[in-house]
Every structure is written in C-alpha cells, then in structure tokens.
Amino acid sequence: QSEISRVHPATDGIDLKDGNGLLEKESSPAPSIAEGIEGCIGNTPLFRIKSLSDATGCEILAKAEFLNGAGGSPKDRVALSIIKMAEERGLLTPHSGDTIYEGTVGSTGISLATLCRARGYLAHICMPSDQSTEKSDLLLKLGAEVERVLPAPIVDQNQFVNLARLRASEHAFDPSHPGTGFFADQFETTANWLAHYNGTGPEIYRQTGGRLDAFIAGAGTGGTISGVARFLKPRLPGLRILLADPEGSGLYNRVKFGVMFDMREREGTRRRHQVDTIVEGIGINRVTANFEAGRELIDDAVRVTDEQAAAMARWLVERDGIFVGSSSAVNCVAAAKAALELGPGHRVVTILCDSGTRHLSKFWAKVGNIGGVSGGMELEDVIH
Ligand code: PMP
C-alpha cells in the first residue's frame, strides 16, 4: 500500500482511471448555460431538512434562497425585478452610469450592488450601523457607496430608508454623480412582491407538486410572504400562511390583532430599532405596501426569540450541516412549531434566506463554535 493511500483512505480500492464508476462519465447530459450572473437567479433547490422532519413527524422543506447566484439571497430576485421594471419605464438606462439609491439592512443592497456592476450602474446604499460588518464590507468590495446610519424609527429623517430617498432626490444637484438617480424603494414597490409572485411562489408550487400544508416566512419588507401567499393561496385554499416574527417587531400584532402595537403595552414595548437583537433582516414596526399586499392572506403569526434562533442555528449545523443566517434560523423555529401544531404527516415549507457567512461577527459570534459530533439537544430545548 502506498504512503498516499494510507494518508487518504478514501482512495483505497478505487481505480483512479475510471473511478470504479464514481467519476463523472464523459457522456453527461448536454450542458445548460446561464446568461451571465443574472441567469443564476431563481430556480433554487427545495430540500427536506432531515433532522427537523424526523423530530416533528412532518416533512419540513427548505427553499434554499441563499443559493441565488448573484447576491446569495432572495433579494436577487427583487433587485432584478426592480431594475427591469425601471428600465422598462425608461427610469434607468443600462451601462449609462445611472445611480440606484436604496435603504437596506444589507441583502437587497448586496443584490443591487452586484446587478449594478453587471448592468453598468452605480449603487448608493444606506444601511443601519447595527447590521453585521460582513454586509457593509461586501458592499464596499462590490464598489457601492455605503452610508451607515444609527438605527432610528421611520419618523426620523436619518432613518436608513428616508436617507436613501433623500439622497436620490439630491442626485440632480450632485455633480459627482452624472446620469439619472433612481430610488429602488423595496419596501413600497410592487416589483418586490411581484418577484416572488412570479418566481418563488410558482417554483414552490412546481417543486411540491402543489402538495403543502403550510408556508412560513419572516418579513422585512414583506415581499416574500406576500408574493408567495398571493400565488399559492388561490391555488391551495387550505394552505396556512404563517409569519415568523422576531422580538420587538410589530408585525406579529398586525397579523394577530390588526394593529402594530397592543395599545395596553404601548409605552412599555420596545420597538425593533430599540431591541439589541442578533436577528437581522426581518421584523419591522411599520406598515409597508409589500407586507400589506399579502397581510389578509396570513393566517397566523409565530413569535421567535433570539435564544430560540441561536439554538436552531446550532441544531441545523450539528445535525444537518446547514449553516444559515439569523432570519433563516427564525423561519426554522417557526416551521418546527407549526409542524408540531399541525401534527404528523403534514408538509411545511420555509425559506433559508442567506448563509451564516454573512453573520459571523454578530449572530454566529453569539451562537458560538460547534463542538463534537452531535449535541444532546432535543427539539423542545430549541423551541421551548
Ligand atoms: N432575511 C434576510 C437576511 C433579509 O435581509 C430579508 C429582507 N430584509 C428577509 C429575510 C425578509 O424578506 P422580505 O423583505 O421579502 O420580507
């Protein structure tokens, strides 16, 4: 036995010439070639999360949106939809050096900055300073202009969305920015939920053969949950649409009681921007057009704590090797709770929004390193 095969036992007994049939055959199917990075957006896999399915007796399926090939999140679909709609309306001209302004906690900015490179635009991104530095660093590497501002309520003119809108309105007077200025406006634009109505929703329908009992997602703008709900609910009237909502968000109350805040706790309730949470990208305290577009189709809301999200992130790595960010972990907690409530034999679909690599410095710093082969955690310990 050679030195090498002792060091690499995986090669033991394998004929390296034809790989004992393990290596790819030359006559593989005809290649399918995508058109640029934009061609790598959408058609993401739907896969069974084995550990959660086994633990709940339901089938828990995850739409792997972190595999969107431009910016690595469902916001690729949204950014492309917003840009195409603006181009069709003559508001943007490809390869003109026009500037796209956006207020974002990061994912939409990353998708926009990527597509701006591909289509010859400049991206100007305003984001809250409490979001992970991985996201702002990445934006700078992509060549976007980045303004980080203190977290603030929507009534504050320096709130990140208000600032982006202001910068877009100042564009015409800014000699350093030639071309047109365009405010992407992800929270309010129809192009957002339409991206999910035209893409994510139909894909889930096809991939499940129309057999699913619940769809669960958190909401940042609300585009995902509204677009998917508006596509699926008329086709599957028995389908339950559930909102996964983190601490400090008013959307839970909006779904449950029709108002953002329970008036009895108005003074005592800390708003999303006041909560020192490790969950990024979902949960807001205001009404947005994209959330309202599907709100009446949402059947119920599930509260998820930071501790539950962190425990779920750990669980998913330990048991399945799935390494996700905070909003995906929130979605999985809510999916597991919903599955237990529905009872065995049901099928639940949720979204894995982005990779844990975007959240190493904040969310994963709290979760910590994973040791050993598999933890002794029970599902009840995670979702208690
Ligand atoms: N997860 C992450 C990481 C996000 O950045 C966002 C959007 N801010 C969402 C989930 C929520 O998606 P939506 O805006 O469609 O509600």
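Here's a quick rundown of the structure. Bear in mind the structure is a predicted one, so any value in this text is a computation, not a measurement.

**Considering the overall build of the protein**
Along its length, the protein carries 14 helices and 10 strands. Within the protein, the proportion of its 384 residues that are buried is 50%. A separation of at least 24 residues holds for 74% of the contacts in the protein among residues at least 6 apart in sequence.

**Notes on the sheet that holds strand E5 (residues 145-149)**
Hydrogen bonds between backbone groups are what pair the strands of a sheet, and the pairing can be parallel or antiparallel. Spatially, 4 strands are ordered E5-E4-E3-E6 in an open sheet, and the strand pairing comes out parallel. The sheet terminates laterally at E5 and strand E6 (181-183), the two strands that pair on one side only. On average, adjacent strands in this sheet sit at an angle of 15 degrees to one another, irrespective of strand direction. Bridging between strand E4 (residues 122-128) and E5 involves 5 bridges; their strand directions are parallel. Bridge pairing links Cys 126 to Glu 147 in E5. Relative to the sheet, helix H4 (residues 107-119) contacts strand E3 (99-103) and E4, its axis offset from that of E4 by approximately 170 degrees. Contacting E4 and E5, helix H5 (residues 133-141) crosses the sheet at an angle of about 155 degrees to E5.

**A few points about unusual backbone geometry**
We note that Asn 43 has phi near 50 degrees; this positive angle belongs to a residue other than glycine. The topology assignment puts Asn 43 in the loop between helix H1 (3-7) and strand E1 (46-48).

**Brief notes about the environment of Cys 126**
Mapped onto the elements, Cys 126 comes out in strand E4. Along the chain, Cys 126 and Glu 145 lie 19 residues apart, while their C-alpha atoms are 8.4 Å from each other. Ignoring sequence-local partners within four residues, the contact set of Cys 126 consists of Gly 103, Glu 147, Val 149, Phe 160, Leu 163, Ala 164 and Arg 167.

**Brief notes about the packing of helix H3 (residues 75-88) against H4**
Packing of H3 against H4 brings their axes to within 8 Å, and their N-to-C directions diverge by 50 degrees. One element, H3, and the other, H4, form an angle in the oblique class. The hand of the H3/H4 crossing is right-handed. Within the contact between the two elements, H3 uses Lys 75, Asp 76, Val 78, Ala 79, Leu 80 and Ile 83 and H4 uses Ser 107, Thr 108, Ser 111, Leu 112, Leu 115 and Arg 119.

**What to know about the pairing of strand E2 (residues 59-64)**
Within E2, 5 of the 6 residues are buried, which leaves the element mostly enclosed by the surrounding structure. Here E1 pairs with E2 via 3 bridges, running antiparallel. What sits directly across from Phe 47, in E2, is Ala 62. As paired strands, E2 and strand E10 (residues 347-352) are joined by 6 bridges and run parallel to one another. From the neighbouring strand, Ala 62 faces E10, where its bridge partner is Thr 350.

**Concerning helix H7 (residues 190-208)**
Taking 1.5 Å as the rise per residue, H7 with 19 residues should run 27 Å; its terminal C-alpha atoms sit 26 Å apart, in good agreement. Helix geometry: H7 is bent most strongly at Tyr 197, by close to 30 degrees. Listed in full, the buried residues belonging to H7 are Ala 191, Asn 192, Trp 193, Leu 194, Ala 195, His 196, Tyr 197, Gly 199, Thr 200, Gly 201 and Ile 204. Summarising the contacts, the buried residues of H7 are in contact with E1, E2, H3, helix H8 (223-235), helix H10 (289-292) and E10. Directly after H7, the chain includes Gly 209, whose backbone phi takes a positive value near 65 degrees.

Cut-off values and rules
- Residues numbered from 1 in each chain as written.
- Predicted model: local features only at pLDDT ≥ 70, side-chain atom pairs only at ≥ 80, totals over all residues.
- Helix = DSSP H or I, 4+ residues; strand = E, 2+ residues; numbered from the N terminus.
- Buried ≥ 20, exposed ≤ 12 C-beta atoms within 10 Å, placed from the backbone.
- Contact = placed C-beta atoms within 7 Å.
- Pairing = 2+ DSSP bridges.
- Axes fitted to C-alpha atoms, helices over the stretch in contact; angles between N-to-C directions.
- Parallel < 35°, antiparallel > 145°, perpendicular 65-115°, else oblique.
- Left-handed = near helix turned anticlockwise from the far one by under 90°.
- Expected span 1.5 Å × (residues − 1).
- Bend = angle between axes of the 7 residues up to and from the residue.

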